[in-house]
Structures are given as C-alpha cells and as structure tokens.
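# Secondary and tertiary structure notes
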Amino acid sequence: MGLLQPASTRIRELAVTRKVRQLPAWLRQLVFGLIILVIWQCYVSFSGASSLLIASPLATLHALYVDIGNGQLISATLISLQNLAIGMGIGIVLGLILASFSAFSQLGRDLLTLLTSIFSALPGIAILPLTMLWFGLSSAAIVFVVVYGSIWPISANTETGFRTIGATTRMVALNLGLNRVQIVRDVFLPGALPHILSGLRLSWAFGWRTVVGAEIVFGVAGSNGGLGWYINNARYFLNPPAIFAGLVIISLLGMLLDALFQWIERQTIVKWGMKQAQ
C-alpha cells in the first residue's frame, strides 16, 4: 500500500508534467544546458581533477572572453566557415549535377551508384594526406576534402528525391515542351526538396567535422588555420580552457546551422504541406 501514490499526488505530477511540456522548446533545452553546466562545474570543483586535464565552465568562459577580445577565435572561426562554405558550395553543385544526370540516363544512374558505393564509405579525412601532396599545406587541400565529403550525401539524397516523382509528372513536363534543365529546375528540385534538405544536413555535418579534423592535422603539420588549428595550438601550450573554448564554438556553430535548416524547413516544405511540423 505504501508504494501506491495518492490520487491527488498523481494529479499534481501530471499537472506539472503538462506545464513543463507547454514551455517553449528553447527554454526546456536551456534548462537542460544549465543543469549540465552546473554538474560540470561541481565535478571540476570537488573531484580534485587536474586543471591540465579538464577546464571548468568559468575558465572556459574566461578563455572565450580573452580570445574573442583579441580576435584569435573570431579569425579562426571565419577561416573554418570560409573553407566549409566554399567546399560545400562546390560539392552541392557537383552532387546536383550527378543526381540530374542519373535521373535521365541509365549510364548516369550506374555511374552514381558505382561512385557512391566506392567513395561514400571512405572518410574525407582519410584522403587528406594525399590532398596535402597535391595541394600542399594550403586551404585548397581542406576545401578539396570538404567537396569530397559533401558530394555523396547530397547526390544520393537528391537522386532518391528525384525518383519519388512519378512518371506521369515527368511525361506532363515533357509534353509541355520543357527541356531537361527546365524539368530539373521547375519540377524535380521543388518535388525533391525534402530529400535535398536531408542531404544538405548530412553534407554540412560531414563537411564541418572534416574541416575541423583537417585543420587539426594541419596544426600538427605546422600550418596556421581555423578552429582545428586553434584547438591543436592550445593543446601544444597545455591550455585546456582554450581547447574547451574552441569546442564550445564548434558546438554553438553546429546548433546555429541546425536551427537554420529547421527554419528553412518550416518556411518551405512544412508550409507547403510536404512535411509535418515537429
């Protein structure tokens, strides 16, 4: 009997749960984030962990303040974002071309299937030593591996989206006198937009990790660069607060880009009824 809760207690718990669910998603996530920060700070303060192994939130905040103030973090962030934007831009264009070729040609379909099966399983960071031989210690090597990593998710997802468009729609477009470029632009791309956005999300995720990983390798090789170089340089000087500051910036940028994709989805495929709102 003692294990059974009174009905009034159960009702109050349900009421509290309902109120929590009614809070905005960003507010609930903020609360969880603050709880994690408190746990992190308590662990560093009371566990006796060495300051050379883990930095506290306060030390990380101080490193953020200092390196943003002197421009070091801002410069590193802009370099990483520039490499990511250039690489993804080229990768998206090439991926859309491959998917379009696949939609109209069996040869293109076979080519895309072969290339995807060969290269999609090969991490972009794995070919970085080869690109360093080709391009040297320059941003071109990083851009190349980002292009390599972003092509396959966008091309595969776009090609899948193109296949969801029925043959009747294709025939109507052809009967209207549209050429292949117009069919891709006016029929395929809008119809496959949910799959394209999914491919873009995967592409930027792969590209972002590749950029940071490549910059860390370049840091080992002695080349100045973006956030990866900033983190590796902090490791070299035994500066954990700066390492954590770089990781915080990487995570925050990832959250902002994910929020941007969610906003694009709400303004397009959700508003058009192609996907249910979450």
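Each value, and the rule that gives it
- Residues numbered from 1 in each chain as written.
- Predicted model: local features only at pLDDT ≥ 70, side-chain atom pairs only at ≥ 80, totals over all residues.
- Heavy atoms only, no water.
- UniProt positions renumbered as here; feature names shortened; annotations may be inferred.
- Core = buried A, V, L, I, M, F, W, Y, C linked by side-chain atoms within 4.5 Å.
- Buried < 20%, exposed > 50% of the residue type's maximum accessible area, 1.4 Å probe, protein only.
- Helix = DSSP H or I, 4+ residues; strand = E, 2+ residues; numbered from the N terminus.
- Contact = heavy atoms within 4.5 Å.
- Phe/Tyr/Trp six-rings, centres within 6.5 Å; stacked < 30°, edge-to-face > 60°.
- Axes fitted to C-alpha atoms, helices over the stretch in contact; angles between N-to-C directions.
- Parallel < 35°, antiparallel > 145°, perpendicular 65-115°, else oblique.
- Left-handed = near helix turned anticlockwise from the far one by under 90°.
- Nonpolar A, V, L, I, M, F, W, Y, C, P; charged D, E, K, R; others polar.
- Patch = residues over 30% accessible without salt bridge, like charges linked within 9 Å, V, L, I, M, F, W, Y side chains within 5 Å.
- Areas by Shrake-Rupley, 256 points an atom, 1.4 Å probe, with all protein chains shown as cover.
- Salt bridge = Lys/Arg side-chain N within 4 Å of Asp/Glu carboxyl O.
- Polar contact = N/O pair within 3.5 Å; in protein donor to acceptor, adjacent residues only side chain to side chain.

The name given to the protein chain in an unreviewed UniProt entry is ABC transporter permease, and the organism recorded there is Dictyobacter halimunensis. The Sequence similarities (unreviewed entry) comment attached to the protein chain in UniProt states, word for word, "Belongs to the binding-protein-dependent transport system permease family."

### Things to note about the nonpolar core
One finds Leu 73, Phe 162, Phe 188, Trp 208, Leu 227 and Tyr 230 to be the most contacted residues of the largest nonpolar core, which totals 52 residues. Where this core is concerned, the elements lending two or more residues are helix H3 (57–69), helix H4 (72–104), helix H7 (139–163), helix H9 (180–191), helix H10 (193–221), helix H11 (227–236) and helix H12 (240–270). When residues in this core are grouped by element, the largest group, eleven residues, is from H7. Leave out the neighbours within four places in its chain, and Leu 227 touches Leu 73, Ala 76, Thr 77, Ser 80, Trp 208, Glu 215, Ile 249, Ile 250 and Leu 253.

### A look at the packing of aromatic side chains
Using the criterion set out here, one finds nine aromatic pairs in the structure. Ring geometry for Phe 135 against Phe 144: centres 5.5 Å apart, planes inclined by 40°, an arrangement best described as tilted. By relative accessible area, which is 30% here, Phe 144 ends up partly exposed. Aromatic side chains Trp 204 and Phe 261 sit 6.4 Å apart centroid to centroid with 15° between the ring planes, which places their arrangement in the stacked category. Taken as a pair, Trp 204 in helix H10 and Phe 261 in helix H12 lie far apart in primary sequence, 57 residues in all. Clustering of aromatic rings is evident, with ring pairs tying together Phe 119, Tyr 148 and Trp 152.

### Notes on the packing of H4 against helix H5 (residues 106–119)
Between H4 and H5, the least distance of the axes is 5 Å, while the angle of their chain directions is 135°. When the axes of H4 and H5 are compared, the pair comes out oblique. Viewed along their axes, H4 and H5 form a crossing whose handedness is left-handed. Along the contact surface, H4 presents Leu 98, Ala 99, Phe 101, Ser 102 and Phe 104, while H5 presents Gln 106, Gly 108, Arg 109, Leu 111 and Leu 112. For the contact of H4 with H5, the class distribution of residues is six nonpolar, three polar and one charged.

### As for the UniProt feature "transmembrane region" (unreviewed entry) in the protein chain
Look at the UniProt record and you will see "transmembrane region" (unreviewed entry) annotated at residues 30–54, 74–99, 111–128, 134–154, 211–231 and 243–264. Strand forms 0% of residues 74–99 and helix 100%; the C-alpha atoms that close the span are 36 Å apart. Its end C-alpha atoms 24 Å apart, residues 111–128 is made of 56% helix and 0% strand.

### Section: a nonpolar patch on the surface
Among the surface-exposed residues, Ile 86, Ile 90, Val 93, Leu 94 and Ile 97 lie close enough to one another that they form a single nonpolar patch of about 410 Å² accessible area. Mapped onto the elements, Val 93 comes out in helix H4.

### Some thoughts on the side chain of Ser 155
Checked against the element boundaries, Ser 155 lands in helix H7. At 3.2 Å, the side chain of Ser 155 and the backbone oxygen of Trp 152 are in polar contact. Ser 155 has contacts with Gly 95, Leu 98, Ala 99 and Leu 112, leaving out every residue within four places of it along the chain.

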